[in-house]
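# Examination of the molecular architecture
Chain by chain, the residues:
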Amino acid sequence: MPQGDIELQAFGPDHIEGAVVLSRQENWPHRPQDWQMALQLSNGAVALDDQGRVTGTILVTPYGADCAMINMVIVDRNARGKGLGRRLMDQAFALAGDRPLRLVATADGMPLYEKLGFVPSGTVLQHQGKVTELGEPDGVEAASIGDLPEIKVLDRDAYGADREALLNALAERGQFAVIRRNGAIEAYAAIRPFGRGEVIGPVIAGSSDDAKALIGFFAAPRTGAFLRVDTDSRAGIAGWLTEIGLAHVGGGVTMVRPQKESAEQARRKVYALANQALG
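Only a predicted model underlies this, so the values are computations on that prediction, with no experimental measurement involved. (Residues numbered from 1 in each chain as written. Predicted model: local features only at pLDDT ≥ 70, side-chain atom pairs only at ≥ 80, totals over all residues. Heavy atoms only, no water.)

### So, empty space enclosed by the protein
Under the definition given, this model contains 1 cavity of 30 Å³ or more. Counted as a void, the largest cavity has a volume near 30 Å³. Contributing to the lining of the largest cavity are L41, T61, P62, Y63, R163, E164, A165 and L166. When contributions to the lining of the largest cavity are tallied by element, the ones reaching two or more residues are β3 (54-63) and α6 (164-173). Across the lining of the largest cavity, the residue classes tally to 5 nonpolar, 1 polar and 2 charged. (1 Å grid on protein atoms, 1.4 Å probe; cavity = no way out; pocket = protein on both sides within 12 Å on 5 of 7 lines; lining within 4 Å. Points joined across faces, edges and corners; volume = space filled by probe spheres on them. Helix = DSSP H or I, 4+ residues; strand = E, 2+ residues; numbered from the N terminus. Nonpolar A, V, L, I, M, F, W, Y, C, P; charged D, E, K, R; others polar.)

As structure tokens, this is what we get:
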């Protein structure tokens, strides 16, 4: 299809139905509700062919002025190799402004992203499946709405960006759990409906034991339910996730424009990601 026949427009609610069709062609599990959440948090662009069909998507999720996450990057298979991916990325750059950028790349997308100045920063492992029976962990409790401000502070220290809008959206749709020591929240996790079941993430913790406890808090009462967790390969919990029934089924490469990591970010690991589940 000639690129002159493809028009780029701002991504709006009317494009969600076409975006779902496109993501299902890629075997992505996103429901219309999942696209709606992603769009609520983001600005984006769609590519439309001469029949008005969605042939490409891209979203840019800003985290305050700190950075932005590029996600939901899809190009119809019949339109690939013709520069449409680059056109969508140019739209993303315009939407992001001066913010540093992050994304999770597939093998197909990496060559383009590297040309555009992104460098690998890690590996995301996607785990999912029907959770096995396991005991309820000690030291974890359900969070209350009054805990949300403290969770936001902890998240910003760990992630290095202001994800208040994301955390508000998670509070509307799901649940939080926390580990509290000496009256202060030291770790937290969230769960929400997604795709074929539910997704756990973010998981922000200072140790792998705390990360497992938080995930176990949500998994224990859900024996046989379908869960998904996307974790950094360096987090050290992938083997345990497999043991509890969440098989390793894929993943991607996290990429950034080079920026210095703070000491707090280095100390606190992000044990499960939220935006891989957005896209």
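### Thoughts on the layout of surface pockets
Volume-wise, the largest pocket comes out at about 1,100 Å³. Lining the largest pocket are 39 residues, and of these E26, W28, V73, T106 and D108 lie nearest its centre. Among the secondary structure elements, those contributing two or more residues to the lining of the largest pocket are β4 (67-75), α3 (84-96), β5 (101-105), α4 (110-115), β6 (119-130), β11 (226-232) and β12 (247-256). Examining the composition of the lining of the largest pocket, we find that 6 residues originate from one element, β4, more than from any other. Across the lining of the largest pocket, the residue classes break down as 17 nonpolar, 15 polar and 7 charged.

### What about the pairing of strand β10 (residues 197-205)?
Burial of β10 is extensive: 7 of the 9 residues sit out of reach of the surface. Where β10 lies against β11, 3 bridges are found, and the strand directions are parallel. Bridged to E198 within β11 is L227. With helix α7 (residues 208-219) bridging β10 and its parallel neighbour β11, the resulting β-α-β unit is right-handed. (Buried < 20%, exposed > 50% of the residue type's maximum accessible area, 1.4 Å probe, protein only. Pairing = 2+ DSSP bridges. Right-handed = clockwise from strand over helix to strand, strands pointing away.)

### Some details on unusual backbone geometry
For residues other than glycine, phi is negative in most cases, and the peptide bonds are mostly trans. Residue G201 is joined to P202 through a cis peptide bond whose omega torsion reads 5°. Relative to the elements of secondary structure, P202 occurs in strand β10. A positive phi angle is found at M72, which is not glycine, with a value near 55°. Note on M72: relative accessible area 1%, which makes it buried.

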